[in-house]
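Summary of the model geometry
What follows is each chain in one-letter form.
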Amino acid sequence: MILFSKKNFELTKEFSFAWFKATDRRKILGFLWNFLNPLIITLILLFLFQKNFGLNKSEYFLYILIGTLAWNNLSSTIQSSITVLTWRREMVKNIVFPKETLVLARVGTQLISHFIGLLIVFIFLAIFQTKVGINLLYFPAVFLLEILLIIGLSLIFAFISVYISDMEYIWAALVRMGFFLVPIFYELKDLPPNLKNLVAINPLTQIMIFYRNCLIYNQAPNAVNFVIILLFTLSLFGLGIFLFRRYEQHLAERV
Amino acid sequence: MKLISVKNLSKKFRRTQNQQTAFGFLNNLFLKKDEFYALKNISFSVSSGDIVGIVGPNGSGKTTLLRILAGLYSKTDGTVAINGKVAAFLHTNVALENELDAYENIFLLGMIMGINKKDIEANLKKIIDFAEIRKFIRTPLRDFSTGMIQRLVLSILMYVEADIFLLDELIEASDFKFKERSYKKILKKISVGHKAAIFCSHELDIIERFCNKAMLLDKGKLIKFGPTAKVIKLYERSQQNNSQ
């Protein structure tokens, strides 16, 4: 089976938009929540921690906003992917289609929200007239890197959740801890050395740094770090696809 | 031409504890291995033009057999040779979205059933007319009755291209008129394209009218496979004996 045939891509796209629309129609403020959620968190963190950091207010606002969006994108996408196979149990058991499509569509749905969220970053970049320059061209590559990481983790966690039903709660606990273990509202240089190394090896930390470099500081991402993270995310992605393809029938029987 | 050839097919499942507790999880993982056969030594073949009805009491293995033929479940033993494209419709509204309208759902379900978006667009009018939902095309599915949803699903299925159709009690809840139209349309599709169909139903009159072959399953075993009338007679006799 071709990894991403046109048909599978079309199906993923159709489900992504359908689920986005279906969720949107259940909210009074609809898609506006995609702006409001990260904005509210950013303002709270700005209010709490602004005095502790050397950055000026507008720079620190963008710093937190980018961190919040990257973090929300990863945590909420994986959260919704973990439950998708059990949520769509009857589909998994009764329809012949590549089951990873469901996970990819969950990622796609969140991606639409994330795109809308990113719009506010660009609006504020314009308002604050930051040093946006040629290195902004790295933004799509960093964005794709994050999506690849999210897809890989989503596939693996969704697969495990069929066998360990508590996965949803384990992830929720990891998210609560993880929020403080990635530099959303603090800078890596401010951490004690041992903790700094632990936080620095997290791929999401590096992705946040890449985002901030190209969006706020007009700097290119560190090439070595970028390649390491790319190889790591490709491995996760490959493992996720392998699990789904190799154990597709077993998944349908167990879910 | 043989489209399906099944020899000594068996399927074993593990009877699992409720995994919601830590004890249930550990028990499933390490301790108890309570296995049972959902299907045991099943052999039969289906040729082009055949319409096979599967009958049997609940839990006899009908759906498991269809799921293995569709490639959804693995087999434990035996061989299953499929010669052609399979389309399986084993549940009515599994891919539908209640918050979306009928129009949006036609594309969603059609595409997951393997129909190209262009083909859905080309047949959209026919699908809507066959389902008799023209006035409700922009109505969210949550406001549809069960019968309307079933008509919508079946109308989409009519445009799926495959050599072998597997259907599981899909048309049961529809009204008589629509049921007749659906079966006739499926039959026409099969006879014209030298295709085959296997469907499970508790409605024996439907099996008798539309199937040239039937199989009786009971507790995972194939009791009889052959001409429909003989199989139905045997099933009715076994039902009567059980009720006495």
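Residues numbered from 1 in each chain as written. Chains lettered and ligands numbered in written order. Predicted model: local features only at pLDDT ≥ 70, side-chain atom pairs only at ≥ 80, totals over all residues. Heavy atoms only, no water.

Here we take up the overall build of chain A. Each helix and strand in chain A was counted, giving 12 helices and 0 strands. Listed by position from the N terminus, the elements making up chain A come as α-α-α-α-α-α-α-α-α-α-α-α. For chain A, the C-alpha radius of gyration of 19 Å lies close to 18 Å, the compact-globule estimate for 255 residues. For chain A, the spread of C-alpha atoms along the three principal axes comes to 55 × 45 × 35 Å. In chain A, buried positions account for 56% of the 255 residues. Counting contacts in chain A only where the partners sit at least 6 residues apart, residues at least 24 apart contribute 78% of the total. Approximately 12,000 Å² of chain A is accessible, and the part contributed by carbon and sulfur atoms is 69%. If you average the places of the 22 positive and of the 13 negative side-chain charges in chain A, the two averages end up 2 Å apart. (Helix = DSSP H or I, 4+ residues; strand = E, 2+ residues; numbered from the N terminus. Rg over C-alpha atoms; globule rule 2.2 N^0.38 Å. Buried < 20%, exposed > 50% of the residue type's maximum accessible area, 1.4 Å probe, protein only. Contact = heavy atoms within 4.5 Å. Areas by Shrake-Rupley, 256 points an atom, 1.4 Å probe, with all protein chains shown as cover. Lys, Arg positive; Asp, Glu negative; His and termini not counted. Charge placed at Lys NZ, Arg CZ, Asp CG, Glu CD.)

What follows deals with the overall build of chain B. When helices and strands are counted, chain B shows 8 helices and 9 strands. Looking at chain B residue by residue over its 244 residues, the buried ones come to 51%. The contacts in chain B between residues at least 6 apart in sequence include a share of 70% that link residues at least 24 apart. Of the roughly 11,600 Å² of accessible surface on chain B, a fraction of 51% belongs to carbon and sulfur atoms.

Moving on, we come to the packing of aromatic side chains. Under the counting rule described, the total for this entry stands at 26 aromatic pairs over all chains. Seen from their ring centres, Tyr103(B) and Phe107(B) are 5.3 Å apart, and the 55° between their planes marks the pair as tilted. Here Tyr103(B) and its partner Phe107(B) are both found in helix H3 (residues 102–112), 4 residues apart, which amounts to about one turn of the helix. The rings of Phe115(A), Phe122(A), Phe139(A), Phe143(A) and Tyr211(A) are connected pair by pair, giving a single aromatic cluster. Across from the ring centre of Trp87(A), 4.3 Å away, lies the NZ or CZ of Arg88(A), which sits over that ring. The ring of Phe130(B) has Arg181(B) lying over it, and the distance from NZ or CZ to the ring centre is 4.5 Å. (Phe/Tyr/Trp six-rings, centres within 6.5 Å; stacked < 30°, edge-to-face > 60°. Lys NZ or Arg CZ within 6 Å of the ring centre and 35° of its normal.)

A word on the interface of chain B and chain A. In this assembly, 30 residues from chain B lie in contact with 29 residues from chain A. Looking at the side of chain B facing chain A, the largest losses of area belong to Leu72(B), Glu99(B) and Ile112(B), adding up to 23% of the total buried there. At the surface where chain B touches chain A, the tally comes to 4 salt bridges. In this structure, Glu14(A) and Lys117(B) form a salt bridge, with 3.2 Å as the shortest nitrogen-oxygen distance. Summed over the shared surface of chain B and chain A, the result is 12 residue pairs in polar contact (both at pLDDT 80 or more). Mapped by element, the contributors of at least two residues to the side of chain B that touches chain A are strand E1 (2–14), helix H2 (62–70) and H3 of chain B. (Buried area = accessible area lost by both parts, 1.4 Å probe. Salt bridge = Lys/Arg side-chain N within 4 Å of Asp/Glu carboxyl O. Polar contact = N/O pair within 3.5 Å; in protein donor to acceptor, adjacent residues only side chain to side chain.)

All names here are of chain A. Its location among the elements puts Ser154 in helix H7 (residues 139–163). The buried category is assigned to Ser154, whose relative accessible area is 0%. Setting aside residues up to four positions removed in sequence, Ser154 forms contacts with Thr77, Ile78, Ser81, Val103 and Val107.

This part takes up helix H5 (residues 146–157) of chain B. All names here are of chain B. Relative to the 16 Å expected for 12 residues at 1.5 Å per residue, H5 spans 17 Å between its end C-alpha atoms, a close match to the ideal helical length. H5 sits mainly inside the fold: 10 of its 12 residues count as buried. Those residues of H5 not exposed but buried are Met148, Ile149, Gln150, Arg151, Leu152, Val153, Leu154, Ser155, Ile156 and Leu157. Packing partners of the buried residues in H5 comprise strand E5 (86–89), H3, helix H4 (117–131) and helix H6 (176–192). (Expected span 1.5 Å × (residues − 1).)

The end-to-end C-alpha separation of helix H1 (residues 6–24) of chain A is 27 Å, in line with the 27 Å expected for 19 residues at 1.5 Å each. In this structure, the buried residues of H1(A) make contact with helix H2 (33–49), helix H4 (84–87), helix H5 (89–94) and helix H6 (100–128) of chain A together with H3 and H4 of chain B.

Moving on, we get to the nonpolar core. Residues Leu85(A), Phe44(B), Ile112(B) and Ile198(B) are the most contacted members of the largest nonpolar core, which totals 172 residues. The greatest single-element share of this core, amounting to 17 residues, is contributed by H7(A). (Core = buried A, V, L, I, M, F, W, Y, C linked by side-chain atoms within 4.5 Å.)

Attention shifts here to the packing of H2(A) against H6(A). All names here are of chain A. At their nearest, the axes of H2 and H6 sit 8 Å apart, and the two run at 60° to each other. Viewed along their axes, H2 and H6 adopt a mutual orientation that is oblique. Handedness of the H2/H6 crossing: right-handed. Within the contact between the two elements, H2 uses Asn34, Phe35, Pro38 and Leu39 and H6 uses Ser113, Ile116, Gly117, Leu119, Ile120 and Phe124. Residues of the contact of H2 with H6, tallied by class, amount to 7 nonpolar, 3 polar and no charged. (Axes fitted to C-alpha atoms, helices over the stretch in contact; angles between N-to-C directions. Parallel < 35°, antiparallel > 145°, perpendicular 65-115°, else oblique. Left-handed = near helix turned anticlockwise from the far one by under 90°. Nonpolar A, V, L, I, M, F, W, Y, C, P; charged D, E, K, R; others polar.)

All names here are of chain B. Pairing between strand E3 (residues 51–55) and strand E8 (residues 213–218): 4 bridges, direction parallel. The residue of E8 that forms the bridge with Gly53 is Ala214. Taken together, the 6 bridges between E8 and strand E9 (residues 221–227) define a ladder with antiparallel strand orientation. Paired with Leu217 across the two strands is Leu222, which belongs to E9. (Pairing = 2+ DSSP bridges.)

Glancing now at the packing of H7(A) against helix H11 (residues 223–246) of chain A. All names here are of chain A. Closest axis-to-axis distance for the H7/H11 pair is 8 Å, and the angle between their directions is 35°. Here H7 runs over H11; the crossing is left-handed. Partitioned by chemical class, the residues of the contact of H7 with H11 number 22 nonpolar, 3 polar and no charged.

Residues and elements named next belong to chain A. Along the chain, Gln79 falls in helix H3 (residues 57–82). According to the relative accessible area criterion, Gln79 is partly exposed, its value standing at 25%. Considered as a pair, Gln79 and Val175 are 96 residues apart in the sequence and their alpha carbons are 9.1 Å apart. The residues touching Gln79, leaving out its near neighbours within four places in the chain, are Glu168, Trp171 and Ala172.

Moving on to the confidence of the model for chain B. Mean pLDDT over chain B: 86, with 89% of residues reaching 70 or higher. Two numbers describe this predicted complex: its pTM, 0.86, and its ipTM, 0.82. (pLDDT = per-residue confidence, 0-100.)

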